[in-house]
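# Per-entry structural report
So the chains spell out like this:
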Amino acid sequence: MDIRFEKAATLKEKPDQNNLGFGKYFTDYMFEMDWDKGQGWHDARITPYGPIPIEPGCVILHYAQETFEGLKAYRRDDGKIQLFRPEMNAKRMQNSNDRLCMPKVEVEDFITAIKELVKVEKDWVPSLPNTSLYIRPFMFATEEALGVHQAISYKFLIITSPVGAYYAEGLNPVKIMIEDELVRAVKGGTGFTKCGGNYAGSIAGQVKAEAQGYDQVLWLDGETRTYVEEVGSMNIMFKIDGEIYTAPIEGTVLPGVTRDSMIHLLRDWGYKVNETHLKATDLMQAGHDGKLEEVFGTGTAAVISPVGQLKFKDDVVVVNNGEIGELTQKLYDTLTDIQWGRIPDKYGWTEVVC
Ligand code: COI
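Described in the following lines is the structure provided in the data block. Since the structure is predicted, the reported quantities are computational estimates derived from the model, not experimental observations.

Further remarks concern the packing of helix α5 (residues 257-268) against helix α7 (residues 326-339). Packing of α5 against α7 leaves a shortest axis separation of 11 Å and a crossing angle of 110°. If you check the angle between α5 and α7, you find them roughly perpendicular. Considering how the two elements wind past one another, α5 and α7 form a crossing that is right-handed. In this structure, α5 contributes T258, S261, M262, L265 and L266 to the contact, and α7 contributes L327, L331, T334, L335 and I338.

Next comes the structure, spelled out in structure tokens:
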């Protein structure tokens, strides 16, 4: 893939690394390429970050044919910059695109585009502890047409944003409400994909949870509203009586890169990880019986987010006295040590960019 480079006339001032938050600042450049039926991908370029012209009749604005990804570039203590399992994001985007009838980007091109953009933006990769450069690849239909159909033209872009913690709480436990009315995904739907529509549909649950004083919503399975599946912006795991439980990847749950990495670590450490259907009622009962030891969310943006309280209907359970659990902390420390290159990466998960 040949990538053309267009230099920006001026560069932005970089934000204070102590107050990055999540996704508030965007760097100087973006990657962009176009796809047209008959021609395929063409015109790969790195250009100044800026508005994209879109026709009001563009398919994406009406029918949401869009997918995205999320990964990070980490600055190590020796100044080098590395990625974490980027091929998993590349393959997941291919699976998302298959489901939404969108063209695929080759795994190699996906990773090359990210690396070239990160090289251009290397000064934007922050160095303070727990900061990184969040990378957001996304694709959408650009065709101007109002009939519902598989569009004939698309754009693939990558933008980057220096970030700190996703939740203002950082590693302080969040409170989660289990949603028993609205649903996020059903088998045969798009639950396993990273498409904007999944997130648009989840906002109502999030708003409901917030109105009741909770930080996030935990979705139940769409068919029976019985089994716990996934949180608004991350996968979720439960430590019950010494074993780990998390929802299986069967079409409704996002196959998270952090989820997969945690499962590897946990199994390596000798934990039994049950990728199985867990009833919300059994989860709450385990809490009342003193067997629910730890709960934590996993995701690229959030890394690991301890859960200190769960609410289901009128029932409330406080987890581990509302404090981060020992295993949650160990998982966080180990994963972030690998991601920031502080310990040897025996899994071969990291890839140095420059
Ligand atoms: C991520 O964890 O990278 C995500 O894409 C979640 C997003 C909704 C912030």
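Having seen it, we continue.
Okay, the pattern of salt bridges next. The final tally for this structure, using the stated rule, is 24 salt bridges. Across the pair R4 and D43 runs a salt bridge whose closest N-O atoms are separated by 3.4 Å. Pair noted here: R4 is in strand β1 (residues 4-5) and D43 is in strand β3 (residues 40-48), with a separation of 39 residues, a long-range link. Overall, the relative accessible area of 39% leaves R4 in the partly exposed class. On the basis of relative accessibility, which here comes to 38%, the residue D43 falls in the partly exposed class.

The phi angle at A64 is positive, at roughly 60°, despite the residue not being glycine. Topologically, A64 is positioned in the loop between α1 (59-63) and β4 (66-68). In this structure, R225 takes a positive phi of about 50° despite not being glycine. Relative to the elements of secondary structure, R225 occurs in the loop between β10 (216-220) and β11 (228-231). A relative accessible area of 38% places R225 in the partly exposed class.

On to helix α4 (residues 196-211), then. A rise of 1.5 Å per residue sets the reference length of α4, with its 16 residues, at 22 Å; its end C-alpha atoms lie 23 Å apart and thus fit the reference within 8%. Where α4 bends most, the angle comes to about 30°, and this point is S202. Looking at α4, one finds that the buried residues are N198, S202, G205, Q206 and A209. Tucked inside the fold, the buried residues of α4 contact β9 (174-179) and β10. Downstream of α4 by one or two residues, G213 has phi in the positive range, about 85°.

Attention now goes to empty space enclosed by the protein. Under the criterion given, the structure shown has 1 cavity of 30 Å³ or more. Within this model, the largest cavity holds a volume of roughly 60 Å³. If you go around the largest cavity, the residues you meet are G70, L71, K72, Y74, F84, N89, V257, T258, T300 and Q339. Here the lining of the largest cavity takes 3 residues from strand β5 (residues 71-75), the largest share from any one element. Class assignment of the residues belonging to the lining of the largest cavity gives a composition of 4 nonpolar, 5 polar and 1 charged.

What counts and how
Residues numbered from 1 in each chain as written. Predicted model: local features only at pLDDT ≥ 70, side-chain atom pairs only at ≥ 80, totals over all residues. Heavy atoms only, no water. Axes fitted to C-alpha atoms, helices over the stretch in contact; angles between N-to-C directions. Helix = DSSP H or I, 4+ residues; strand = E, 2+ residues; numbered from the N terminus. Parallel < 35°, antiparallel > 145°, perpendicular 65-115°, else oblique. Left-handed = near helix turned anticlockwise from the far one by under 90°. Contact = heavy atoms within 4.5 Å. Salt bridge = Lys/Arg side-chain N within 4 Å of Asp/Glu carboxyl O. Buried < 20%, exposed > 50% of the residue type's maximum accessible area, 1.4 Å probe, protein only. Expected span 1.5 Å × (residues − 1). Bend = angle between axes of the 7 residues up to and from the residue. 1 Å grid on protein atoms, 1.4 Å probe; cavity = no way out; pocket = protein on both sides within 12 Å on 5 of 7 lines; lining within 4 Å. Points joined across faces, edges and corners; volume = space filled by probe spheres on them. Nonpolar A, V, L, I, M, F, W, Y, C, P; charged D, E, K, R; others polar.

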